[in-house]
Amino acid sequence: MKRSLRGVTIKVCGLTDPDEALAAVKAGADAIGLVLHPTSPRAVMPAQARRVSDVVHAMSPSRVRVVAVVVDAEPRAARELAAQIGADAIQLCGDQQPEDWVGFPLPILRRIGVEPSAEAELLAWRPVAALMVLDHPSGPGGSGRPVDHAIASRLCQRAPCLLAGGLGPDDVAAAIARVRPRGVDASSKLEAEPGRKHLGRVTAFIGAARPALARAHGRFGAFGGCFAPETLVPILTELDAAWRQLREDSVFRAELDQLLGDFAGRPTPLWPARRLSEVLGCEVLLKREDLLHTGAHKLNNTLGQVLLAKRLGKRRILAETGAGQHGVATATACAQLGLECVVSMGAVDAARQRANVLRMQLLGARVEVVHAGQRTLKDAVNAAMRAWIADPLGSHYVLGSALGPHPFPSMVADLQQVIGEEARAQSLAAGGLPDLAVACVGGGSNAIGLFRGFLTDDVELVGVEAGGTGPEQGAEHAARFASGAPGILHGCHTFLLQDDDGQVLPTHSISAGLDYPAVGPEHAALRASGRARYTWATDEDALAGFDLLARREGILPALESSHALGWMLRARDELRGRRVVVNLSGRGDKDLDLLQDRHGELERLRERSGALP
Ligand SMILES: *Cc1c(COP(=O)(O)O)cnc(C)c1O
């Protein structure tokens with residue numbers, strides 16, 4: 001039976017004995033390559049190749065593919081050799097011509113030397129080869145020399161490719177991020193000596209390559225992806241490629257850094273909140289995103305995306321907004337950078353948030369009021385998406401959180417990561433890394449921005465969702481991790497609040513910014529791997545957190561950020577004596593109307609928290 005190469009993303013090549021091959025399979029290789037070219041230092045004789053292939057198939061009858069690597073073999077000889085050793089596929093490295101291989105009974109991998117003229121060869125092979133192996137142009141392969149990343153990246157957009165060329169555990173992740181291949185193929189850098197694999201290096205290589213490949217394709221573990229309507233896929237692909245390139249472009253970086261600095265006010269301070277620390281019994285460091293221009297972290301993202309759109313030659317920016325905060329941040333970036341701005345907003349939201357509607361209009365944006373559906377955020381998202389599909393070349397859709405189809409979750413997190421990078425450096429300068437980093441989680445952008453700064457440190461990461469009236473059954477909340485389940489919403493696979501039929505459930509939170517049925521996929525993955533933990537705070541917890549910060553520190557926090565503080569208040573036994581960085585994602589001026597309505601409640605809470613030490 002012909003076995004396809006569909007699931008093959010990591011190939012370890014040049015194995016010479018059964019034990020090595022088994023170790024590579026155990027470490028997670030999808031394919032192993034047996035070199036049948038007699039002059040290679042990694043050559044195996046057919047009888048030995050058969051032994052290797054038999055043990056691999058015995059151990060992993062369906063997952064792992066055995067690839068016979070040949071240089072100049074013609075179809076008939078290749079077929080016999082493959083049958084003799086029990087190979088699942090053949091890799092051609094020599095001067096073969098694609099037309100001779102039409103109808104070959106096994107899947108074909110074709111080696112392509114990465115040079116400016118390679119595209120024609122790749123296109124000629126595309127109809128007959130299932131996968132291209134991109135290698136250095138010298139010799140028939142296995143040179144161990146790295147390929148030109150810019151050319152390789154272009155080739156990867158034309159056909160499914162495995163990147164080869166001297167990849168090892170240390171450089172594979174960076175190469176994947178630049179080239180974005182379907183998979184990788186490695187040999188010489190995984191060796192202890194020519195022809196003998198170093199098992200530690202094989203394991204390290206696969207351990208580095210697997211998450212990098214997932215990330216490059218918008219996967220965070222089992223979550224993320226790009227579940228978009230067909231009309232949007234080419235737009236998203238273009239956006240992904242553009243972001244990958246611009247993210248590393250020094251001119252773009254300098255322009256964005258200047259905007260973030262002198263226009264927006266970065267770096268934001270890390271404030272040692274001594275009077276708050278006193279009542280909580282732990283050492284609290286507040287990351288002051290509330291001091292950023294427009295009063296929240298959202299501007300980090302909108303400045304980045306609007307600058308990207310401008311570099312791509314777009315004229316018009318589209319966005320949706322619920323409470324209006326993202327709309328204002330987008331309108332601000334557009335006014336600063338000179339792009340037209342259209343913000344969709346549900347009619348119900350527009351009536352509730354008149355001040356933000358006015359702000360957007362004063363900034364020169366057009367607010368498009370949506371009268372369809374429930375006339376709230378979800379309907380505004382649909383309207384903005386439709387506008388984007390109608391004008392993909394002239395417009396860019398600025399998504400407001402680390403959500404949605406790839407590349408948005410990665411791109412937004414990349415843009416918010418500055419929060420965590422600064423907070424890490426600032427906490428080190430102020431005496432050392434924290435024990436915990438805490439942030440509220442709506443779509444998850446301020447939290448992932450903070451967390452990314454500490455991912456590889458021994459720092460506990462805590463995300464706080466909106467517990468509303470309490471996340472038990474029947475209550476109204478937006479605690480996706482407490483009572484949601486995996487599903488797909490707005491282009492991405494993640495945790496959602498849904499009923500047994502998969503219908504999205506209505507949500508509630510005192511803070512509009514946390515009131516959303518889905519959470520960003522990177523958080524779903526961080527939770528699944530155990531790297532971060534997610535909890536919730538109720539509306540009442542948030543009010544208590546707000547009150548505490550206002551009176552103890554002279555800072556009115558946004559009700560979103562107040563959830564992180566409210567959780568800390570509740571968890572203070574656990575936090576005692578520890579050092580905690582909290583992301584103060586925004587300021588509370590926008591919440592004054594609501595606070596006025598709930599003033600009585602605030603008074604009662606104050607009586608209660610008056611009992612605090
Ligand atoms: C929008 C908003 C949030 C929630 O969005 P995330 O993407 O989860 O960060 C949190 N805090 C403030 C102040 C906001 O405006």
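These numbers were taken from a predicted model, which means no experiment stands behind them.

The next point concerns the overall build of the chain. Of regular secondary structure, the chain possesses 24 helices and 24 strands. For the C-alpha atoms alone, the extent of the chain along its principal axes is close to 85 × 50 × 50 Å. For the chain, the proportion of its 613 residues judged to be buried stands at 59%. Sequence separation of at least 24 residues holds for 68% of the intrachain contacts in the chain that already meet a minimum separation of 6. Per element, the accessible surface of the chain, about 24,400 Å² overall, is 52% carbon and sulfur. Put simply, the chain has 68 plus and 70 minus side-chain charges, and the middle of one group is 1 Å from the middle of the other.

Turning our attention to the packing of aromatic side chains. What the rule picks out here adds up to eight aromatic pairs. Between Phe-481 and Tyr-534, the aromatic rings sit 4.7 Å apart at their centres with planes inclined by 50 degrees, giving tilted as the arrangement. Remark: Tyr-534 occurs in strand S23 (residues 532–538) and Phe-481 occurs in helix H18 (residues 480–483); sequence separation between them is 53 residues. Just as Phe-481 is buried, Tyr-534 falls in that class too. Taken together, the ring pairs in this structure connect Phe-223, Phe-481, Phe-495 and Tyr-534 into an aromatic cluster. Against the face of Phe-495 rests Arg-527, its NZ or CZ located 5.1 Å from the ring centre.

In this section: the side chain of Asp-539. Position of Asp-539 among the secondary structure elements: in helix H20 (residues 539–553). Arg-598 is the oppositely charged side chain nearest to the buried, salt-bridge-free Asp-539, at an N-O distance of 4.3 Å. Only 3.0 Å separates the side chain of Asp-539 from the backbone nitrogen of Ile-510, close enough to count as a polar contact. In contact with Asp-539, not counting residues within four places along its chain, are Gly-468, Thr-469, His-508, Ser-509, Ile-510 and Arg-598.

What follows is about the domain arrangement of the chain. Domain parsing of the chain yields domain 1 (10–216), domain 2 (232–266 + 294–411) and domain 3 (270–292 + 413–609). Placing a centre on the C-alpha atoms of domain 2 and another on those of domain 3 gives a separation of 23 Å. Contact with domain 2, which involves 31 residues of that partner, is made by 30 residues of domain 3. Roughly 2,400 Å² is buried in total at the junction of domain 2 and domain 3, and carbon and sulfur atoms are behind 59% of that figure.

Sheet architecture is open: four strands sit in the order S17-S16-S15-S18, paired in parallel fashion. The open sheet has two free edges, formed respectively by strand S17 (366–370) and strand S18 (395–397), since each of these has just one partner strand. Across the sheet, the mean angle from the axis of one strand to that of its neighbour is 25 degrees, orientation sign disregarded.

Moving on to empty space enclosed by the protein. Taken as a whole and judged by the stated rule, the model has one cavity of 30 Å³ or more. For the largest cavity, the full set of lining residues is Ile-235, Glu-238, Leu-239, Leu-312, Lys-314, Trp-388, Ser-395 and His-396. The element that contributes the greatest number of residues to the lining of the largest cavity is helix H8 (residues 233–246), accounting for three residues. Of the residues belonging to the lining of the largest cavity, the class tally is four nonpolar, two polar and two charged.

A few words on the layout of surface pockets. The space that makes up the second largest pocket amounts to roughly 700 Å³. Going through the elements one at a time, helix H5 (149–156), helix H6 (172–179) and H8 are the ones with two or more residues in the lining of the second largest pocket. No other element matches the eight residues that H8 contributes to the lining of the second largest pocket. By residue class, the composition of the lining of the second largest pocket is 11 nonpolar, seven polar and eight charged. Both domains that furnish three or more residues to the lining of the second largest pocket are identified here as domain 1 (10–216) and domain 2 (232–266 + 294–411).

Looking at the ligand, there are 17 residues lining it, with Lys-298, Ser-401, Gly-442, Ser-445 and Ser-585 nearest. At 2.5 Å from an oxygen atom of the ligand is found a side-chain nitrogen or oxygen belonging to Ser-401. Here an oxygen atom of the ligand and a backbone polar atom of Gly-444 are 2.7 Å apart. Starting from 380 Å² of accessible surface for the ligand in isolation, the protein chains cover 97%. Looking at the shell around the ligand residue by residue, the class counts come to five nonpolar, 10 polar and two charged. Formed jointly, the shell around the ligand draws a minimum of three residues from each of two domains, domain 2 (232–266 + 294–411) and domain 3 (270–292 + 413–609).

Here we come to helix H4 (residues 118–125). Taken as a whole, H4 has its buried residues at Ala-118, Leu-122 and Trp-125. Looking straight down H4, one finds that the buried residues subtend no more than 65 degrees of arc, so they occupy a single side. Of the surrounding secondary structure, the elements contacted by the buried residues of H4 are strand S4 (89–92), strand S5 (108–113), strand S6 (131–135), H5 and strand S7 (161–163).

This part covers the pattern of salt bridges. Within the structure shown, the criterion is met by 42 salt bridges. When the shortest N-O distance is used, the salt bridge between Arg-42 and Glu-191 registers 2.5 Å. Here Arg-42, found in the loop between strand S2 (31–35) and helix H2 (46–59), pairs with Glu-191, found in strand S9 (residues 191–193); they are 149 residues apart in sequence, far enough to count as distant. With respect to class, Arg-42 is no different from Glu-191; both count as buried.

Turning to the environment of Leu-526, a few remarks are in order. Take Leu-526: it is sitting in helix H19 (residues 521–528). Leu-526 gets classed as buried once you look at its relative accessible area, which sits at 9%. For Leu-526 and Gln-426, which are 100 residues apart along the polypeptide, the C-alpha to C-alpha distance reads 24 Å. When near neighbours in sequence (up to four residues on either side) are disregarded, Leu-526 contacts Ile-448, Phe-451, Leu-455, Arg-531, Ala-532 and Tyr-534.

Rules of the game
- All residue numbers here refer to positions counted from 1 along the written sequence of the relevant chain.
- Selection of residues for local features in this predicted model requires a pLDDT of at least 70, selection of side-chain atom pairs for listing and counting requires 80 or more, and totals for whole chains, interfaces and linings are taken over all residues.
- Neither water nor hydrogens contribute to the side-chain values; these are computed over all heavy atoms in the structure.
- Strands here mean DSSP runs of E at least two residues long; helices mean DSSP runs of H or I at least four residues long; both are numbered from the N terminus.
- Type-normalised accessible area, obtained with a 1.4 Å probe on protein chains alone, sets the label of each residue: buried when under 20%, exposed when over 50%, and partly exposed for intermediate values.
- Note on contacts: a residue pair is in contact if any heavy atoms of the two residues lie within 4.5 Å.
- Methods summary: accessible areas were calculated by the Shrake-Rupley approach with a probe of 1.4 Å, and residue burial reflects only the protein chains presented.
- Think of it this way: Lys and Arg go in the positive column, Asp and Glu in the negative one, and His and the chain ends go nowhere.
- The location of each charge is read from NZ of Lys, CZ of Arg, CG of Asp or CD of Glu.
- Ring pairs are drawn from Phe, Tyr and Trp, using the six-membered ring of Trp, whenever the two centres fall within 6.5 Å, and their geometry is named by plane angle: stacked under 30 degrees, edge-to-face over 60, tilted for the rest.
- We call a charge positioned above a ring when the Lys NZ or Arg CZ atom is no farther than 6 Å from the ring centre and deviates by at most 35 degrees from the ring normal.
- For this document, the term salt bridge refers to a Lys or Arg side-chain nitrogen within 4 Å of an Asp or Glu carboxyl oxygen.
- The term polar contact refers here to a pair of N or O atoms within 3.5 Å; inside protein, the definition further demands a hydrogen-donor-capable atom paired with an acceptor-capable atom, and it admits residues adjacent in sequence only when both atoms are side-chain atoms.
- Annotation comment: domain bounds sourced from an automatic or database domain assignment.
- Here the buried area means the combined drop in accessible surface, using a 1.4 Å probe, for two parts upon being joined, counting both sides.
- Strands are treated as partners if at least two bridges between them are detected by DSSP.
- Lines fitted to the C-alpha atoms define the axes, with helices restricted to the stretch that makes contact. Angles between their N-to-C directions range from 0 to 180 degrees.
- Cavities and pockets were defined on a 1 Å grid built over protein atoms only: a cavity is a set of grid points that admits a 1.4 Å probe from which the probe cannot escape, a pocket is an open set flanked by protein on both sides within 12 Å along at least five of seven lines, and lining residues are those with an atom within 4 Å of any such point.
- Grid points are joined across faces, edges and corners, and a volume is the space filled by probe spheres set on the points.
- Put simply, Ala, Val, Leu, Ile, Met, Phe, Trp, Tyr, Cys and Pro go in the nonpolar bin, Asp, Glu, Lys and Arg in the charged bin, and everything else, Gly too, in the polar bin.
- Here a residue is considered near a molecule or strand provided that any single heavy atom belonging to it is located within 4 Å of it.
- Of all possible arcs, the one meant is that of the directions from the helix axis to the C-beta atoms.

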